[in-house]
Every structure is written in C-alpha cells, then in structure tokens.
Amino acid sequence: MRALWLNLKNNSARWGFLPLTILGIAVLFGRNRFWIGIWPESGAAAQVGAYFLSIFAAGSAAWVAASVELRGLSEQAMSAAIRPIKVELTRFSATLLWLIAPYLVVSASAFVATAVTLFPQGWLSFLMYILLGTALIVFGASWGWLVGKLLSPLVAALCAALSWFIGMSLLGSVTQLVRQSGPPWIEVQSTPVILRLTVILAFAAIVCALPSRVARPVLFGQRVAVSVAALVGVVAVHLTTVVADQRPPAAKPLCLQKTIEYCLWPEHAKYAPMIEAIDQQIAMLPVDLPLPDRVVDYALSGSTKWSDDRTAIEVPGKFDPEFDISEGSRWALARGVARAIMGTVFAECRPDAAPDPERRMEQMFAWLEWRLADSGGPDYRTNAPASLQTAWSTGRLAAAGKSDQDQGIWVSAIVADVKKHHCRAA
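The rules behind these values
Residues numbered from 1 in each chain as written. Predicted model: local features only at pLDDT ≥ 70, side-chain atom pairs only at ≥ 80, totals over all residues. Heavy atoms only, no water. Pairing = 2+ DSSP bridges. Helix = DSSP H or I, 4+ residues; strand = E, 2+ residues; numbered from the N terminus. Contact = heavy atoms within 4.5 Å. Axes fitted to C-alpha atoms, helices over the stretch in contact; angles between N-to-C directions. Buried < 20%, exposed > 50% of the residue type's maximum accessible area, 1.4 Å probe, protein only. Disulfide = S-S within 2.5 Å.

**Student:** I'm lost on the sheet that holds strand S3 (residues 254-257) in this one. Help?
**Tutor:** In sheet architecture, strand pairing relies on hydrogen bonds along the backbone and comes in two forms, parallel and antiparallel. Strand order in the open sheet formed by four strands is S3-S4-S5-S8, and the pairing between neighbours is mixed. Two strands lie at the open edges of the sheet, namely S3 and strand S8 (322-323), each paired on one side alone. Both strand S4 (residues 261-264) and strand S5 (residues 294-297) contribute to a ladder of three bridges, which runs parallel. Paired with Tyr 262 across the two strands is Val 295, which belongs to S5. Those strands touched by helix H10 (residues 272-283) are S3, S4 and S8, and its axis lies near 160° from that of S4.

**Student:** How do you make sense of unusual backbone geometry when you look at a structure like this?
**Tutor:** Both trends apply: most residues other than glycine have a negative phi, and most peptide bonds are in trans. The phi dihedral of Gln 176 falls on the positive side, at around 55°, and the residue is not glycine. For Gln 176, a relative accessible area of 9% corresponds to the buried category. At Ala 299, a position not held by glycine, the phi torsion is positive, near 70°. The residue Ala 299 is located in the loop between S5 and strand S6 (304-306) in this model.

**Student:** What am I meant to see in the state of the cysteines here?
**Tutor:** Any covalent bond linking the sulfur atoms of two cysteines counts as a disulfide. According to the stated counting rule, one finds two disulfides in the structure shown. The side chain of Cys 255 participates in a disulfide bridge whose partner is Cys 263; the two sulfur atoms lie 2.1 Å from each other. Torsion about the S-S bond of the Cys 255 and Cys 263 cystine: about 105°, corresponding to right-handed handedness. Residue pairing for Cys 349: its cysteine sulfur links by disulfide to Cys 423, the two sulfurs lying 1.6 Å apart. Between Cys 349 and Cys 423, the disulfide has an S-S torsion of -105° and is therefore left-handed. Within this pair, whereas Cys 349 is found in the loop between helix H11 (330-345) and helix H12 (360-373), its partner Cys 423 is found in the segment after helix H14 (404-421), the two being separated by 74 residues in sequence. Under the relative-accessibility criterion, Cys 349 is labelled buried at 17%. Sequence-ordered numbering of the disulfide-bonded cysteines in the protein gives the connectivity 1-2, 3-4.

What follows is the structure, given as structure tokens:
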C-alpha cells in the first residue's frame, strides 16, 4: 500500500487530473441536459467522456511505462527485492487511478444531478453505462502500457494515443465501445460488460508481466507475443459480445389517464407534467375531434424490433400509436400526439385515396401540432419537400392568426372535404 501511495505522489499522470475533470464536466453539461432525471440517459451522458479520457489514458500510460528506460532504471527494477511484476502492477495501478479519477468525478456529478430529482427508477442502468466507460479507459491504459514497453516515451505516447483513436474509430460502432445516448428502450446488459472488463484486466496483467526489453531481451520477445495474443483475444470478445440490446416493453409502464391515456417508460416519469400540459391543450381545442384511447412512449407498443442496435424493423399488426419524448422536446411530444389524433380522425381512409394537391390533411396536422405544443415556433428543422412545408406553414398560420371560432370552422371544413373527396374507405 505504501508503494502504491508513493507511486501516486510521483506519477506524471496526476497532472492530467484537473484539466481532464474540467473537460469531462464541460462535455457532460455542455452537450445537453435533458438526461438529468433519467438514469440510463445520465449514465450514457457521463460515459461519453470516457471516449476522450481513454485517448489521454493511452498516451499517458505509454509515457509512464516507457519512462523507466528513459531514466535508466530498468536494471534496478529487475534487481529489486520486490518481484518485477508487483512493481509493474503498482505503477500501472497508480497510473490507472489517476486516469480514471476524472471519470469518477464526472460520473458522480451525473449521479447527483439525477438523484436529486426525487431519485427516479432505473439506477442500475446508470451503473452499467459507467462500467462500460470504465472498461474503455482501462483498455486504453492497457494498450498504452504495452506500447510504452516497446518504444521511447515521447514516440510511445504519440503512437499510443493516435493508434487508440484510430482503433476506436474503426471498431467503435461494431463493438459498442461508447454509447451516445441511453434511451429506456435500449438496455446495457451486465454480463457482456463484466466479461469485457474482466478480459481487459487480464490483458493489463499480462502487459504488466512484460520484462524489460533491455535486461531480458529473449524473454521480452516471448512475452510480447503473449501480450499480442491476449490483445487479439480482447478484441475478439468485444466483437462477439453485444452490450446494448433492445429492451422488451415495460410490463408496468407509467400511465396517466387524462383526456387520452398516456403511457410512458417508468424512466421517463419526469415528463409527466409536460404530458399533462399537452393534454390540457387537447381539452381546449375549438373543435370536437375523435381521439385515440391510448398513446404510448416510443417502442412501448411493441411495434418495433431491432435487427441490431441501429436498425429498426416495423412489426406488422395493429398497435397503440406512439410519441417520442426521448430528448424532452415538447414539440416532439406534440407531433406524436397530433399524428395519433389524425390517425383516429381519418381512421377509415386508405393511403391510396385520391391525392389532395393542397395537402389539407398536412395543414390540419400542422395546425394541431402548433396548438398542442403551444410554445412558439418548432424546435426542429426539416428538409421535407417544399409543397409539404407550404402546407405546414398554412396550418401554423391558421393556428397563430385565426380566432378559435374561425379555427373550428376551418378544421371542420377540412375534415368534411377530405373525407368526401380524398378519403377512400378502408
């Protein structure tokens, strides 16, 4: 323990603690803040910083590992009373503690930010994301330590950081090294994460067992081969394990019975007030419209499955309409609920009905979305065709400029005309 303390006091990686902590906090709170109050999103937000920290970890670990030869201490380390592997493990552990400390501070900040919001459900998902980021940092440090055993300090640090960045760029998407977000319908599974962390720690131990290339060149070459083989094994584990997979719909979603029944993932409980505000706007509409009985959070209806982490497949059949509130957008929620209402109003219409050149259904949809959002202009951009954007603009102008009475007459006329001329009965 004393040896570890001495290494902590003199390890050059300590100089990165403050700037890396500042960088991590800036990344955490600078990207967005919708994750606050949602455990899986909080874990993913904190874990994003591991990407940058692992690059520094690779370069810094390479420098520390190579610095023994820089100072001419290889033979002294080999002849010390303490076994060389213990010396190396102590040096590596001290380096790793300094490298992972900023990540722990960032993770603690994310934990506190979410915990103070009435400590919502799903905190174990937060832990899984944090462990995923921890594995990435340990892997980067282990790789850097290996490179540091092969090259001089400056060259090793540059090569380790650059090669690690390239490796993550090439393999990051297929091995799920980093998660950009943590929606509740994606689950980080504990077994693959723990397996990855275990094999990475084993790889780190093998790398630390490398003797000095100066003192024992023959044994050094043999153990480099073992280390490379271990590295291949670690990469293979990453390629063959899936850490993030589709989560089945919640057995007990959070449902709010209002004008319409709204069902949420339990992790999205903080959005209940926003849903209540949207429902109040529905109750204030100047025209009576048939409403859906139930609308649900994205992926909660069971209508979507994933062939992989990014490819969604629609399941045939009838399901509850969905809305997407994953990033806390009131306009996204309004858009989803408006689509559900439109689907109910024109439920008997088939898609192959006679086309309407004025796109009055889209005009009505934009009017309804504007009324439900009730918060100024849209918070999204679109590259939709000009004719579609013109229809949306017409609907929004009607919502913003007409009286409630005129809006009711305008919407009723659209419904009647579309059903008469542009709605082929299903």
